[in-house]
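An overview of the molecular structure
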Amino acid sequence: MTVIGVASMKNSPGATTLALALAATWPEPDVILAELDASGGELSGYFRLEPAPGTVSLAAETRSRRDEDVLWRHTQVLPGGLRVIPGPARPDQAHTALMTLSATLPEVFGKLPAGTAVLADLGRLSGPAAELAVSMDRVLVLARPRLADLAHLEGLAEVMPHAELVLVGRGDYPPREVTDAIGVRIRAHVAHDPAAQAFLEGRRQRTRLVRAARRISGALAAVAPLEGAA
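Residues numbered from 1 in each chain as written. Predicted model: local features only at pLDDT ≥ 70, side-chain atom pairs only at ≥ 80, totals over all residues. Heavy atoms only, no water.

For the rest of this paragraph, the subject is the environment of Thr179. By the element assignment, Thr179 lies in helix 8 (residues 175–182). A C-alpha to C-alpha distance of 9.0 Å links Thr179 and Leu165, two positions 14 residues apart in sequence. When near neighbours in sequence (up to four residues on either side) are disregarded, Thr179 contacts Val184 and Ile186. (Helix = DSSP H or I, 4+ residues; strand = E, 2+ residues; numbered from the N terminus. Contact = heavy atoms within 4.5 Å.)

So this is what it looks like as structure tokens:
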């Protein structure tokens, strides 16, 4: 099994779009995209999903039951067949659900059968999302290679050694200097894609971001979890 979180730091949006693109291009069939963003989910609005099942119903069940199939019971299906666990749009509901899930999902992750992949949209890497990220195999953190963005990554390598950067767009520093400065491995450097929002809204399936996501997902699926990761 593989559990990968996708998160952003301050001033670096795009976690939902990248998580969706990675899940949609994952090279193996048993993949779930889970919206675990304490500020609220976006998929329900874009794809007109029902309020349940989703993270709220998942949080309720995992209080008492945490078997290997519990995630699948709380999925909905997007056009194209991708299984998703949508989060509520309201931040208060999303935060309450994530407070429970940050305590219960690590046990669920440990029971997932081989071959299962979970891509988790963590939103901003703070609070219960950061607590949950500790139990994942990898955490991809989006950031622009600019001083204002990179300043928020100081100390990340110490508290989350399994974090990797996905640099987005042009900035002040080349990738090698970013790694040397903050000590976090760079997984990929992708171009800014103006069509990414259209992909998130289901209006386009082929964009530069999707092509980049296919390369990233293929590489992630081919390697074992990092040593020391949960």
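Here the focus is the nonpolar core. Core analysis: the biggest nonpolar cluster contains 43 residues, and Leu36, Leu71, Leu122 and Leu125 have the highest contact counts within it. Among the elements that take part in this core, helix 4 (residues 91–111) stands out by supplying 6 residues, more than any other. (Core = buried A, V, L, I, M, F, W, Y, C linked by side-chain atoms within 4.5 Å. Buried < 20%, exposed > 50% of the residue type's maximum accessible area, 1.4 Å probe, protein only.)

For the structure on display, the rule yields 11 salt bridges. A salt bridge links Glu107 to Arg66; its shortest N-O distance comes to 2.9 Å. You can see Glu107 sitting in helix 4 and its partner Arg66 sitting in the loop between helix 3 (55–62) and strand 3 (76–77), a full 41 residues away along the chain. Overall, the relative accessible area of 36% leaves Glu107 in the partly exposed class. Owing to a relative accessible area of 25%, Arg66 belongs among the partly exposed residues under this scheme. Between Asp149 and Arg144 there is a salt bridge, with the nearest N and O atoms lying 3.7 Å from each other. The class of Arg144 is partly exposed, set by a relative accessible area of 27%. (Salt bridge = Lys/Arg side-chain N within 4 Å of Asp/Glu carboxyl O.)

What follows concerns the layout of surface pockets. In this approach a probe as big as a water molecule rolls over the atoms, and the regions it shows empty are the leftover space. Here the second largest pocket is characterised by a volume of approximately 220 Å³. Forming the walls of the second largest pocket are Leu20, Ala24, Phe47, Leu78, Pro79, Gly80, Gly81, Leu82, Phe199, Gly202 and Gln205. Taken together, the residues of the lining of the second largest pocket sort by class into 7 nonpolar, 4 polar and no charged. (1 Å grid on protein atoms, 1.4 Å probe; cavity = no way out; pocket = protein on both sides within 12 Å on 5 of 7 lines; lining within 4 Å. Points joined across faces, edges and corners; volume = space filled by probe spheres on them. Nonpolar A, V, L, I, M, F, W, Y, C, P; charged D, E, K, R; others polar.)

A few words on the pairing of strand 6 (residues 138–143). Most of strand 6 sits inside the fold, with 6 of its 6 residues counted as buried. In strand 6, alternate side chains face the same way, and those of Arg138, Leu140 and Leu142 on one face and Val139, Val141 and Ala143 on the other are all buried. Of the pairings in the sheet, the one linking strand 1 (residues 2–8) to strand 6 comprises 5 bridges and is parallel in character. Residue pairing in the sheet places Ile4 in a bridge with Arg138 of strand 6. Relative to strand 7 (residues 163–168), strand 6 is paired through 5 bridges, and the arrangement is parallel. (Pairing = 2+ DSSP bridges.)

For the pair helix 1 (residues 15–24) and helix 10 (residues 208–222), the least separation of the axes is 8 Å and the interaxial angle reads 60 degrees. Considered as vectors, helix 1 and helix 10 are oriented oblique to each other. Considering the relative orientation of helix 1 and helix 10, their crossing is right-handed. Residue-level inspection shows Thr17, Leu18, Ala21 and Leu22 of helix 1 in contact with helix 10, the latter providing Leu209, Ala213, Ile216 and Ser217. (Axes fitted to C-alpha atoms, helices over the stretch in contact; angles between N-to-C directions. Parallel < 35°, antiparallel > 145°, perpendicular 65-115°, else oblique. Left-handed = near helix turned anticlockwise from the far one by under 90°.)

The next thing to look at is unusual backbone geometry. Cis geometry is adopted by the peptide bond preceding Pro53, which originates at Ala52 and carries an omega value of 5 degrees. Mapped onto the elements of the fold, Pro53 is located in the loop between helix 2 (43–47) and helix 3. Unusually for a residue other than glycine, Arg48 sits at a positive phi of about 55 degrees.

A word on a positive patch on the surface. A contiguous patch of positive charge, built from Arg204, Arg208, Arg211 and Arg215, is present on the exposed surface. With respect to the helices and strands, the residue Arg211 is situated in helix 10. According to the relative accessible area criterion, Arg211 is partly exposed, its value standing at 46%. (Patch = residues over 30% accessible without salt bridge, like charges linked within 9 Å, V, L, I, M, F, W, Y side chains within 5 Å. Areas by Shrake-Rupley, 256 points an atom, 1.4 Å probe, with all protein chains shown as cover. Lys, Arg positive; Asp, Glu negative; His and termini not counted. Charge placed at Lys NZ, Arg CZ, Asp CG, Glu CD.)

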